[in-house]
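If you want the building blocks of each chain, they are given just below.
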Amino acid sequence: MDYSIKNKNIILSEPDLDLDETLDCGQAFRWKKISSDYECTYTGRFLNDSLTVSQTSRGCFILHDVTEEEFLGKWVDYFDLGTDYTELKRQFSEDETLSKACNFAGGIRLLRQNSWECLISFIISQNNNIPRIKGIIDRLCEHYDDRFPEAEELAAETPDSLTYLRSGFRAKYLCDAASRTAQGLTDLNAIAAMPIDEARSALKAIKGVGPKVAECVLLFGMHRTEAFPVDVWIKRVLAEYYPNGFPAFAAQNAGIAQQYLFHYIRSISGRTE
């Protein structure tokens, strides 16, 4: 990662980042692609901190109207710029299928999201598509003056009071997650530090949190890179390419490897969602 400061913007050089592959791949839901004169531009939020970022060419970016202090204190961590993805991809490429996946979408990075926001987002994601997930989260934040609500705020809601979200059966799960978190029954910071199997069990104590949502929260909200969310696409990958099990050498960073595989299998299957 190299960067400079120009006209109140951060100019970033990072070869292992692509905005489309990272911000629109289903790991975060508060980013929107907007028209611009650049290759692509996204505007979004991490909790209540907003950012507009443009990709000017492969590996070159502008973080608009961001101070160096904000960049180093917030966005370096969020975009996981301290991790050497070149080395990770080199390791993954010991496996033929992973090598193809890394070459296909080598600009995917794992975003380091907030565990509370991630929990609520992936409860909403159940049996849902990305546009609908984004719409529900947008309505939630608009209701709280364009803020992502704290657990204590959301705990004051009921399934009936959340009808404006149009989230269906998920409303009662949101209320349970908020109530447990606000009361301290679910301590997300403590869960993040638990052995992985204990952390999985603790998350699944929340109503509506099954294995896939738990793995997503661990991976995207707690940066537990050994977590491995499995949906229909990854089931297909495992059945077709890894009938004898996922490569042991990649186990510690299996969640990052999963991101490459997820994008690869959906794309070669002709999916455009």
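Bear in mind that the values here come from a model prediction, so they are computed numbers and not experimental data.

Visitor: How should I be thinking about the overall build of the protein chain in this particular structure?
Guide: A tally of regular secondary structure across the protein chain gives 13 helices and six strands. Against the compact-globule benchmark of 19 Å for 273 residues, the protein chain has a radius of gyration of 19 Å, which places it among compact chains. Projected onto the principal axes, the alpha-carbon positions of the protein chain cover approximately 55 × 45 × 35 Å. The buried share among the 273 residues of the protein chain stands at 52%. Across the protein chain, contacts joining residues at least 24 apart in sequence account for 66% of those joining residues at least 6 apart. Here the protein chain holds 30 positive side-chain charges and 40 negative ones, and the gap between their average locations is 6 Å.

Visitor: Just checking my understanding: could you explain the packing of helix α5 (residues 115–124) against helix α8 (residues 170–183) for this structure?
Guide: Two quantities define a packed helix pair, namely the angle between the helix axes and the distance between the axes. It is the contact of α5 with α8, at a shortest axis distance of 9 Å, that shows an interaxial angle of 160°. Accordingly, the angle class assigned to the pair α5 and α8 is roughly antiparallel. Crossing geometry of α5 relative to α8 is assigned as right-handed. The segment α5 lies against α8, with W116, L119, I120, I123 and I124 engaging R170, Y173, L174, A177, A178 and T181.

Visitor: I'm lost on unusual backbone geometry in this one. Help?
Guide: With glycine set apart, most residues show a phi of negative sign, and most peptide bonds adopt trans. For D145, which is not glycine, the phi torsion reads 55° and is therefore positive. Its location among the elements puts D145 in the loop between α6 (130–143) and α7 (151–155). For D145, a relative accessible area of 67% translates into the label exposed. The backbone phi angle of H223 is positive, close to 55°, even though this residue is not glycine. Within the secondary structure layout, H223 lies in the loop between α11 (211–222) and α12 (232–241).

Criteria and cut-off values
- Residues numbered from 1 in each chain as written.
- Predicted model: local features only at pLDDT ≥ 70, side-chain atom pairs only at ≥ 80, totals over all residues.
- Heavy atoms only, no water.
- Helix = DSSP H or I, 4+ residues; strand = E, 2+ residues; numbered from the N terminus.
- Rg over C-alpha atoms; globule rule 2.2 N^0.38 Å.
- Buried < 20%, exposed > 50% of the residue type's maximum accessible area, 1.4 Å probe, protein only.
- Contact = heavy atoms within 4.5 Å.
- Lys, Arg positive; Asp, Glu negative; His and termini not counted.
- Charge placed at Lys NZ, Arg CZ, Asp CG, Glu CD.
- Axes fitted to C-alpha atoms, helices over the stretch in contact; angles between N-to-C directions.
- Parallel < 35°, antiparallel > 145°, perpendicular 65-115°, else oblique.
- Left-handed = near helix turned anticlockwise from the far one by under 90°.

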